[in-house]
Amino acid sequence: MINFIPIFPLDIVVYPGEQLNLHIFEPRYKQMIRECLKENKPFGIPTVLDNKIEEFGTLMEVTELVKEFESGEMDIRTQGKSVFRMLEVVKSIPDKLYHGAIVDYPANIIEHGDSSIALVILNEVKRLYALLNLEEKFPEHRSSMISYEVAHFIGLSKQQEYELLCLLSEVQRLEYIRRHLNNLIPTIKELEEVKARIQRNGHFRDLSLKDFNL
């Protein structure tokens with residue numbers, strides 16, 4: 001399917017299923033969001049890298065207008081729906097302050113198909129966050145889109161997060177994450193050793209002269 005959508009370029013990567021809270025303050029985006037709310041239509045967030053709008057982005061649905069200020073600024077809740085690819089940016093739209101784009105929606109295989117791969121990856125991510133004392137940031141509710149749910153929690157750069165967004169198969173995304181985590185293994189092991197040494201310090205130990213070969 002090919003259609004036109006209003007766009008809100010941001011220097012972040014948003015994934016399908018992700019919830020994103022936004023404060024809307026620019027006149028063009030206030031106009032855009034008001035129209036989205038009134039007409040119940042989505043908008044797109046294409047990723048910006050190095051001040052350049054990239055080809056891929058995520059279609060967003062406004063799920064709640066949390067607050068509207070006297071100035072017209074708004075706090076809104078949104079949720080990612082699907083990955084889109086921009087075919088053409090439309091910078092001039094009659095009576096509109098915002099830009100738009102002609103986009104299509106490439107087929108995106110969501111199911112991972114191999115639960116063992118997903119389990120290995122989830123265990124590695126959980127282990128890493130336990131070492132960093134960040135277990136509360138690990139996603140509690142997991143769907144079939146495991147790659148999207150953990151992508152922001154594994155230390156990917158923005159470029160890497162975008163590369164993950166461009167992969168249109170869950171198996172490919174999980175393999176990308178697995179390779180990234182494999183590169184982190186030496187660091188994880190070093191963290192484990194440091195943590196073990198810290199835990200040993202301050203513990204009472206039963207020592208005798210024979211322990212020192214005297």
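Residues numbered from 1 in each chain as written. Predicted model: local features only at pLDDT ≥ 70, side-chain atom pairs only at ≥ 80, totals over all residues. Heavy atoms only, no water.

Observations concerning unusual backbone geometry
The following threshold applies: For every residue, the accessible area (1.4 Å probe, protein chains only) is compared with the maximum for its type, and the residue is labelled buried under 20%, exposed over 50%, or partly exposed between those bounds. Runs of H or I in DSSP of at least four residues are treated as helices and runs of E of at least two as strands, each being numbered from the N terminus.
Phi is positive for Asp 50, which is not a glycine, with a value near 50 degrees. Asp 50 sits in the exposed class, given a relative accessible area of 77%. In the Ramachandran plot, Asn 51 falls in the positive-phi region, its phi being about 65 degrees despite a non-glycine side chain. Along the polypeptide, Asn 51 turns up in the loop between strand S3 (43-49) and strand S4 (52-68).

Quick notes on the side chain of Thr 47
Where we set the bar: Two residues form a contact once any of their heavy atoms are found within 4.5 Å.
You can see Thr 47 is positioned in strand S3. With residues near it in sequence (within four places) discarded, Thr 47 still touches Leu 10, Ile 12, Val 13, Lys 52, Ile 53, Glu 54, Phe 56, Gly 57, Tyr 162 and Leu 165.

What about the packing of aromatic side chains?
We count it as follows: Put simply, two rings from Phe, Tyr or Trp (the six-membered ring, in Trp's case) pair if the centres are within 6.5 Å, and we call them stacked under 30 degrees between planes, edge-to-face over 60, tilted for the rest.
By the definition in use, this model includes three aromatic pairs. Ring geometry for Phe 8 against Tyr 29: centres 4.0 Å apart, planes inclined by 20 degrees, an arrangement best described as stacked. Placement of the pair is Phe 8 in the loop between strand S1 (2-6) and strand S2 (19-24) and Tyr 29 in helix H1 (residues 27-39), with a sequence separation of 21 residues. For Tyr 29, a relative accessible area of 6% gives the class buried.

By themselves, these observations are geometric and do not establish any function.
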